[in-house]
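Listed here are the chains, written in short residue letters.
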Amino acid sequence: MTRNSDLGLTGADAAATGQTLKGSFARALGANPIKAMFAGDGRGQLLERASIASLAVFVVGAGLTCAAQLVIARIIGPDSYGVYAYVLAWVTLLGYMSTLGFHVSLLRFVPTYQARGEWELARGVIQYAQRGAAGTAISIALIGVFAIIALRGSLRPELALSFLLGIATVPILALHLIGASVVRAFGGTIAALAPERIVRDGMALAIVAAVFWGSLYRLDATLAMGSTLLSSIAVLSLVRISLRRLRPPALGDVTPAYAAEDWWRPTLPLTVIMIADNLMSRSAVITLGLTGNTRDAGIFAAAFSIATVTALPRMAVAISFAPTVSALFALGDQAGLQSVSTKAAWLSLVGTACAAIPLLLLAHPLLSWFGHDFVAGTPIVTILVLGQVLVAACGPQQHLITMTGNERAGAVILAVCAGLSFAGCMLMIGSFGMIGVAFATTLTLIGWNVAMAIFIHRSLHLTPAVVAFFKVMPGRKRAADYEI
């Protein structure tokens, strides 16, 4: 799924985009709507280049992630890989929770203060976010350590040690997410994305391979989790270097000022969205792990990592879609919002379908590379990929809701669906195993998009993108409108 932190331009930059596109954007919409999303003046060209570069990082990162997961799975086996996937799911959820949503809201506040020359507030919000995330993450880590000590008698040693290594990763992940958001706010999109998407998994892959060939440590989940901890430290270091390099000189010459009340107002619903988003995407692995099915959790995690490749086109579309929505909404351009949301759905569907077809055909051989036991995940890939195609036809609806000031409604919808996803997975495990969990995950994902479409229709008075797209298919628009 697409997270809010994948947005490349928000806040002040989005408003500025709206001003520069006010004339040319509307004219372009009439002649060639899809091109209009990526065309325009100098700022539009910068946005296009940023989108292409970001997609390249996503693709390379996805390749490294798959390679790393493949090597780790083959080396440690399905049961240990399931332990690793289960612990990693908790680490990711807790790490994002520790940011308190600031890794998203910083993308709005920092560019705004920078554009206004309010450097005191810019420095204040950055320090406030860093300290809040660090304090929360450390508190969560301490609670986790005490919990593991209390439960050590009921946990097998591999799981307990993996959890300890994972808990140590939580504060590092939280600070990395905050730092990466500030880097993006200062214009370093690739500098923020590359360490997480490329360096982290690349370094983890190198560590695991070196330990394997050198017979330096036992081959189990603790090796994989240890490599994740070390690679996370390296990623945080790279982000800190980029932060020092990109930080405006004026930021270091002012005394920080604080406006906590203003900062918390949008942050709270964004926190709910972020936690619910992570819970929905990881509910399957977490529920399988909670019931003790670590082997199935490993197989499901491998299948999920392959199926997630189909989400990359939608993520790339969202990078350009989100700021465009923000600008059009600021201008009150209802027709423009309708047109752009329809075209975004079209681009998402086409891109996802192109990625889905080879995955559906090659799911079995791809999973066999992970190991013989992982072939059991082939039907899971099919279910998840088909669900991604259906969701792609709706377009990036979550961004349409949040970029129009409806964060609270978006948070409620996603939180309810995340809870249903978790409950559905728990109910389906007993009778249907991994297949039931896959169906529960996919049906909840589809239900979430249906709920968002209803909200968009009723509150924003827009025709849901998938409905609008199929309405124009019979030829009510010129063929030139769909040229790319």
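Residues numbered from 1 in each chain as written. Predicted model: local features only at pLDDT ≥ 70, side-chain atom pairs only at ≥ 80, totals over all residues. Heavy atoms only, no water.

(A) Quick look at the overall build of the protein. Each helix and strand in the protein was counted, giving 17 helices and zero strands. Across the protein, every contact between residues at least 6 apart in sequence was considered, and the portion connecting residues at least 24 apart equals 85%. Counting only carbon and sulfur atoms, one obtains 68% of the accessible surface of the protein, whose full area is about 19100 Å². (Helix = DSSP H or I, 4+ residues; strand = E, 2+ residues; numbered from the N terminus. Contact = heavy atoms within 4.5 Å. Areas by Shrake-Rupley, 256 points an atom, 1.4 Å probe, with all protein chains shown as cover.)

(B) Spatial organisation of helix α8 (residues 189-214). Across its 26 residues, α8 extends 37 Å between first and last C-alpha, which sits within 8% of the 38 Å expected from 1.5 Å per residue. Along α8, the largest kink reaches about 35 degrees and is centred on Pro 195. The positive-phi residue at the C-terminal boundary of α8 is Ser 215, with phi of around 50 degrees. (Expected span 1.5 Å × (residues − 1). Bend = angle between axes of the 7 residues up to and from the residue.)

(C) Spotlight on helix α14 (residues 378-392). For α14, with 15 residues, the first-to-last C-alpha span of 21 Å sits near the 21 Å given by 1.5 Å per residue. Buried residues dominate α14, accounting for 11 of its 15 residues. Among the residues of α14, Thr 378, Ile 380, Val 381, Ile 383, Leu 384, Val 385, Gly 387, Gln 388, Val 389, Val 391 and Ala 392 are the ones counted as buried. (Buried < 20%, exposed > 50% of the residue type's maximum accessible area, 1.4 Å probe, protein only.)

(D) Up close: a nonpolar patch on the surface. On the surface, Ile 138, Leu 142, Phe 146 and Ile 149 cluster together to form a nonpolar patch covering roughly 410 Å² of accessible area. Its place among the elements puts Ile 149 in helix α6 (residues 119-151). Note on Ile 149: relative accessible area 43%, which makes it partly exposed. (Patch = residues over 30% accessible without salt bridge, like charges linked within 9 Å, V, L, I, M, F, W, Y side chains within 5 Å. Salt bridge = Lys/Arg side-chain N within 4 Å of Asp/Glu carboxyl O.)

(E) Up close: the nonpolar core. With 90 residues, the main nonpolar core has Tyr 81, Leu 106, Val 125, Trp 263, Phe 300 and Phe 370 as its most contacted residues. Among the elements that take part in this core, helix α4 (residues 42-98) stands out by supplying 14 residues, more than any other. Those residues in contact with Tyr 81 that lie beyond four places of it in its chain are Gln 69, Ile 72, Ala 73, Ile 76, Gly 298, Ala 301, Ala 302 and Phe 374. Counting residues in each nonpolar core, the second largest holds 30 residues, with Leu 270, Val 317, Met 403 and Ile 413 among its members. (Core = buried A, V, L, I, M, F, W, Y, C linked by side-chain atoms within 4.5 Å.)

(F) Expanded view of the confidence of the model for the protein. With 83% of its residues at a pLDDT of at least 70, the protein reaches an overall mean of 79. For the stretch residues 1-48, pLDDT sits under 50, and the model shows 116 contacts to residues farther than four places along the chain or on other chains. Below pLDDT 50 for its whole length, residues 473-484 participates in 24 contacts with residues either more than four positions away or in separate chains. (pLDDT = per-residue confidence, 0-100.)

(G) Just the packing of aromatic side chains, in detail. The full count for this structure, using the stated rule, is 13 aromatic pairs. Centre to centre, the rings of Phe 102 and Trp 264 are 5.3 Å apart; their planes meet at 70 degrees, and the pair counts as edge-to-face. With a gap of 162 residues between them, Phe 102 in helix α5 (residues 102-116) and Trp 264 in helix α10 (residues 260-290) connect regions that are remote in the sequence. Aromatic side chains Phe 212 and Trp 213 sit 5.2 Å apart centroid to centroid with 70 degrees between the ring planes, which places their arrangement in the edge-to-face category. The class of Phe 212 is partly exposed, set by a relative accessible area of 33%. Note on Trp 213: relative accessible area 70%, which makes it exposed. (Phe/Tyr/Trp six-rings, centres within 6.5 Å; stacked < 30°, edge-to-face > 60°.)

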